[in-house]
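# Breakdown of the fold
Take a look at the letters that make up each chain.
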Amino acid sequence: MNISKGSYALIGAGPMGLATAKTLIEQGIEFQGFELHEGVGGLWDIDGPKSTMYESAHLISSKKMTEFADFPMDDHIAEYPGHRELKTYFQEFAEKFDLKRRYRFGAEVTCIVPLGGDGEGWTVNWRDQDGDHSAEFAGVLIANGTLSEPNMPEFTGEFSGDLIHSCHYKSAQQFAGKRVLIVGAGNSGCDIAVDAIHHGVQCDISMRRGYYFVPKYVFGKPADTMGGAVKLPLWLKRRVDQTLLKWFVGDPQAYGFPKPDYELYESHPVVNSLILYHAGHGDIGIRADIKELDGNTVRFRDGEEAEYDLIVTATGYKLHYPFIDKELLNWQGDAPHLFLNCMHPKRNDLFVMGMIEATGLGWQGRHDQAELVARYLRGLKDGSTAAEAIKAEKAEGFERETGGMNYLKLARMAYYVDKQSYRSALNKRTQALKREMA
């Protein structure tokens with residue numbers, strides 16, 4: 001394969017990979033894309049080898065708050081589109097910006113190693129139907145997603161029924177004739193529980209802690225499109241939003257849900273109205289954390305027990321970059337410690353794209369990250385003082401853009417940021433790079 005000396009390797013053709021490809025093209029940065037699947041869309045293509053999608057999956061944020069600003073979703077698409085509409089959306093995005101020709105599809109990156117010292121390029125190894133290959137690149141941009149490696153809990157005892165992670169859940173037909181226990185009440189857990197209520201014999205949900213529930217619609221409009229015009233101090237925003245939630249959701253504890261042991265926004269809220277509806281109708285049992293398994297019996301920490309045929313652990317995912325040594329990513333705790341969640345503090349040829357979560361960030365917020373990285377690479381090439389300033393800033397040390405939020409110490413929150421603080425930080429540096437390029 002013929003690779004130009006200054007070309008970069010881009011791994012992944014999901015939403016983040018496509019946004020990165022688009023911005024690299026706009027800034028004139030040469031790259032070669034690699035995608036394991038035969039098409040674009042990442043996890044939103046349910047047929048993809050690493051997809052963790054299930055048939056009933058929809059966005060938990062509205063399309064207007066999620067879409068790319070320069071590629072809005074069609075008016076005929078529902079406010080909360082399903083995975084099939086989103087797969088089509090990304091295919092059309094790739095076609096509009098002519099991204100597919102930049103990728104090698106069916107290509108699995110197996111190993112990337114630095115050529116020498118900091119900033120001297122990388123050897124990228126990959127495998128496709130023609131065998132194993134290797135090439136040298138000026139740098140690497142990793143955009144393989146954050147939701148493919150299951151975080152499977154360990155339980156005391158043995159279970160005689162079926163025990164699966166939610167990544168292996170695809171269709172509600174898997175619940176037919178079964179007594180089902182869902183472990184974990186995040187957004188996926190609540191979605192899957194609703195499926196089990198309608199298709200299984202019985203459904204319970206086991207929770208370690210309480211959650212804040214947010215409705216999808218308020219006064220007939222998507223809830224995430226309401227408000228936000230005035231930026232409030234955190235303490236006041238919490239007080240206002242908690243009052244609104246009580247008005248529109250009520251008290252989840254009245255349905256048997258445990259009370260959250262943390263403040264609003266210190267963990268991702270659950271955007272699901274149906275789980276509360278069914279709990280209020282007695283269609284689902286709320287269970288404590290699991291103590292032990294014994295055959296088909298599950299014993300809970302509150303002393304209760306029940307029998308099940310299927311346990312689905314909706315316990316989230318771990319960051320997973322199997323093709324690169326962890327030390328090269330400046331890994332600290334549960335996630336790489338990177339400037340603005342994407343830039344290595346010392347290397348200027350290694351970026352992790354899309355390792356970012358924030359309430360309301362959407363794909364445009366991730367596009368903003370991609371634009372900054374692309375402009376930074378161009379700035380380094382052109383000798384930009386703004387790029388050199390970013391280079392020095394990230395080398396000096398930094399903190400995650402939490403906006404003062406005390407996020408829960410969980411693996412899934414290790415790369416969580418405050419949307420306003422994060423986008424402001426991105427925009428500040430992007431504008432500085434733009435001014436020099438004008």
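For every chain, the first residue of the written sequence is number 1, and numbering continues from 1 along that sequence. Local features in a predicted model are, by the rule used here, given only for residues with pLDDT of at least 70; side-chain atom pairs are given and counted only at 80 or more, and totals for whole chains, interfaces and linings are based on all residues. As a rule here, side-chain values come from all non-hydrogen atoms in the structure, and water together with hydrogens is ignored.

You'll find the protein entered in an unreviewed UniProt entry as Trimethylamine monooxygenase, with Pseudovibrio ascidiaceicola given as the organism. Listed in UniProt under the heading Sequence similarities (unreviewed entry), the comment for the protein reads: "Belongs to the FMO family." UniProt positions are given in the numbering used here, feature names are shortened, and annotations may be inferred rather than shown by experiment.

## Focus: the overall build of the protein
Working definition: helices are DSSP H or I runs of at least four residues, strands are E runs of at least two. Numbering for both runs from the N terminus. Helix and strand content of the protein: nine helices and 25 strands. The reference for a compact globule is 2.2 Å times residues^0.38; the radius of gyration itself is calculated from the C-alpha atoms. Computed over C-alpha atoms, the radius of gyration of the protein comes to 23 Å, within 12% of the 22 Å expected from 2.2 N^0.38 for 438 residues, which places it in the range of a compact globule. Taking the principal axes of the C-alpha coordinates as reference, the protein spans close to 65 × 55 × 45 Å. Type-normalised accessible area, obtained with a 1.4 Å probe on protein chains alone, sets the label of each residue: buried when under 20%, exposed when over 50%, and partly exposed for intermediate values. The 438 residues of the protein split such that 51% are buried. Contacts are assigned to residue pairs with any non-hydrogen atoms lying within 4.5 Å of each other. For the protein, long-range pairs separated by at least 24 residues make up 67% of all intrachain contacts whose partners lie at least 6 apart in sequence. Here the accessible surface of atoms and residues is derived via Shrake-Rupley with a 1.4 Å probe, and residues count as covered only by protein chains that are part of the display. For the protein, the exposed area adds up to about 20,100 Å²; of that, 47% sits on carbon and sulfur atoms. Charged-residue counts in this description rest on Lys and Arg as positive and Asp and Glu as negative, His and the chain ends being excluded. Working definition for charges: the position is that of NZ of Lys, CZ of Arg, CG of Asp or CD of Glu. Side chains of the protein carry 49 positive and 60 negative charges; the gap between the two charge centres is 5 Å.

## With respect to the sheet that holds strand β17 (residues 285–287)
The pairing criterion for strands is at least two bridges between them, as found by DSSP. The strand order β10-β21-β11-β12-β17 describes an open sheet built from five strands, whose pairing is parallel. Looking along the sheet, the strands with just one partner apiece sit at the ends: β10 (162–165) and β17. Neighbour-to-neighbour, the strand axes of this sheet turn through a mean angle of 20°, independent of strand direction. Sheet topology note: the strand β12 (residues 202–206)/β17 ladder contains three bridges and is parallel. For D204, the partnering residue across the bridge sits in β17 and is G285. To get an axis, fit a line to the C-alpha atoms, keeping to the stretch in contact for a helix; angles then go from 0 to 180 degrees between the N-to-C directions.

## Thoughts on the layout of surface pockets
It is a probe the size of a water molecule, rolled over the atoms, that shows where empty space is left. Empty space within the second largest pocket amounts to approximately 400 Å³. A pocket, in this scheme, is an open set of points on a 1 Å grid over the protein atoms alone with protein on both sides within 12 Å along at least 5 of 7 lines, while a cavity is a set where a 1.4 Å probe fits but cannot get out; residues line either one if an atom lies within 4 Å of a point. Taken together, 24 residues line the second largest pocket, and the ones lying closest to its centre are H337, R400, T402, M413 and A414. Grid points are joined across faces, edges and corners, and a volume is the space filled by probe spheres set on the points.

## Some thoughts on the packing of aromatic side chains
Within 6.5 Å between ring centres, the rings of Phe, Tyr and Trp (the latter by its six-membered ring) count as paired, and their orientation is classed by plane angle as stacked under 30 degrees, edge-to-face over 60, tilted in between. For the structure on display, the rule yields 25 aromatic pairs. Ring centres of Y89 and F90 lie 5.3 Å apart, and the angle between their planes is 70°; on these two criteria the pair is classed as edge-to-face. Considering the side-chain rings of F300 and Y308, the 6.5 Å spacing of their centres and the 90° angle between planes classify their relative orientation as edge-to-face. Like F300, the residue Y308 is buried in the burial classification. Taken together through their ring pairs, the aromatic side chains of W44, F68, F71, Y89, F90, F93, F97 and W363 make up a single cluster.

## Focus: the pairing of strand β21 (residues 310–313)
Covered by surrounding structure in β21 are L310 and V312 together with I311 and T313, the residues of both alternating faces. Bridge count for β10 against β21 is four bridges, and the pairing is parallel. Bridge assignment links H165 to a residue of β21, and that residue is T313.

## A look at the packing of helix α7 (residues 362–382) against helix α8 (residues 385–396)
Two elements in contact, α7 and α8, have axes separated by 8 Å at closest approach and are oriented at 110°. When the interaxial angle is binned, α7 and α8 end up roughly perpendicular. In contact with L372, Y376, G379 and L380 of α7, α8 contributes A387, E388, I390, K391 and K394. Under the convention adopted here, Pro, Cys and the residues Ala, Val, Leu, Ile, Met, Phe, Trp and Tyr are nonpolar, Asp, Glu, Lys and Arg are charged, and Gly plus all remaining residues are polar. Across the contact of α7 with α8, the residue classes tally to five nonpolar, one polar and three charged. These descriptions rest on fixed angle ranges, namely under 35 degrees for roughly parallel, over 145 for roughly antiparallel, 65 to 115 for roughly perpendicular, and the rest for oblique.

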